[in-house]
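Results of the structural survey
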Amino acid sequence: MTRAVWITGFSGILFITHDLRVASQICDRVLVMQRGEIVEQGSVQSVFMNPQHAYTKTLLAAAPGRGFQFGHSVATPSLNAFIDEQVTH
């Protein structure tokens, strides 16, 4: 962990994936890219529950597992506590 992260207590992870279900479960914010350009960005809830760009809508419609509730975090309090503990040590 870098000294700046240790002092401020803030950290972040860049998570690159094609699996929208995983992204909707573990990310706070998402960026949707098409051909190397950002076409939409925002909170998971705003992007996945109310997509504005046609490409984002196409990606969500094509995701396997119909009926999956995108934008609803499944992180448990114990997982969040574990992550907080790792950041502070």
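Residues numbered from 1 in each chain as written. Predicted model: local features only at pLDDT ≥ 70, side-chain atom pairs only at ≥ 80, totals over all residues. Heavy atoms only, no water.

Re the overall build of the protein
Counting its secondary structure elements, the protein contains five helices and two strands. Along the protein, helices and strands appear, N-terminal first, in the series α-α-β-β-α-α-α. Counting the 89 residues in the protein, one finds 20% classified as buried. Considering only contacts within the protein whose residues lie at least 6 apart along the sequence, 33% involve residues at least 24 apart. (Helix = DSSP H or I, 4+ residues; strand = E, 2+ residues; numbered from the N terminus. Buried < 20%, exposed > 50% of the residue type's maximum accessible area, 1.4 Å probe, protein only. Contact = heavy atoms within 4.5 Å.)

Comments concerning the side chain of glutamate 40
Its location among the elements puts glutamate 40 in strand β2 (residues 37-43). We note that glutamate 40 is buried and unpaired, the nearest opposite charge coming from lysine 57 at a distance of 7.7 Å. Of the polar contacts made by the side chain of glutamate 40, one reaches the backbone nitrogen of histidine 53; its length is 3.0 Å. (Lys, Arg positive; Asp, Glu negative; His and termini not counted. Salt bridge = Lys/Arg side-chain N within 4 Å of Asp/Glu carboxyl O. Polar contact = N/O pair within 3.5 Å; in protein donor to acceptor, adjacent residues only side chain to side chain.)

Side note on the pairing of β2
Each regular strand carries side chains that alternate between the two faces of the sheet. Direction of pairing for strand β1 (residues 29-34) relative to β2: antiparallel, over a ladder of six bridges. Within β2, the position partnered with leucine 31 by the bridge is glutamine 41. What sits between the antiparallel neighbours β1 and β2 is a turn of two residues, in which arginine 35 has the positive phi angle 55 degrees. (Pairing = 2+ DSSP bridges.)

A look at the nonpolar core
Leu20, Ala23, Cys27, Val30, Val32, Val44, Val47, Phe48, Leu60 and Ala63 together form the largest nonpolar core, which totals ten residues. Listing elements by their share of this core, those giving two or more residues are α2 (20-26), β1 and α3 (44-49). (Core = buried A, V, L, I, M, F, W, Y, C linked by side-chain atoms within 4.5 Å.)

Describing unusual backbone geometry
Positive phi, normally seen in glycine, also occurs at arginine 35, with a value near 55 degrees. Assessed through its relative accessible area of 80%, arginine 35 is described here as exposed.

Focus: the environment of lysine 57
Here lysine 57 shows up in helix α4 (residues 54-62). C-alpha separation for the pair lysine 57 and valine 47, spaced ten residues apart in sequence, amounts to 9.4 Å. Discounting chain neighbours no more than four positions away, the residues touching lysine 57 are Pro51 and Gln52.

Here's the deal with the side chain of threonine 56
You can see threonine 56 is positioned in helix α4. Take threonine 56: its relative accessible area is 1%, and that puts it in the buried class. Reaching out from threonine 56, the side chain makes a polar contact with the side chain of glutamate 40 at a distance of 2.7 Å. Every residue in contact with threonine 56, bar those within four places of it in the chain, is listed here: Val32, Val39, Glu40, Val47 and Pro51.

With respect to a nonpolar patch on the surface
Residues Ile13, Phe15 and Ile26 make up a contiguous nonpolar surface patch of roughly 350 Å² in combined accessible area. Tracing the chain through its elements places isoleucine 13 in the loop between α1 (3-8) and α2. (Patch = residues over 30% accessible without salt bridge, like charges linked within 9 Å, V, L, I, M, F, W, Y side chains within 5 Å. Areas by Shrake-Rupley, 256 points an atom, 1.4 Å probe, with all protein chains shown as cover.)

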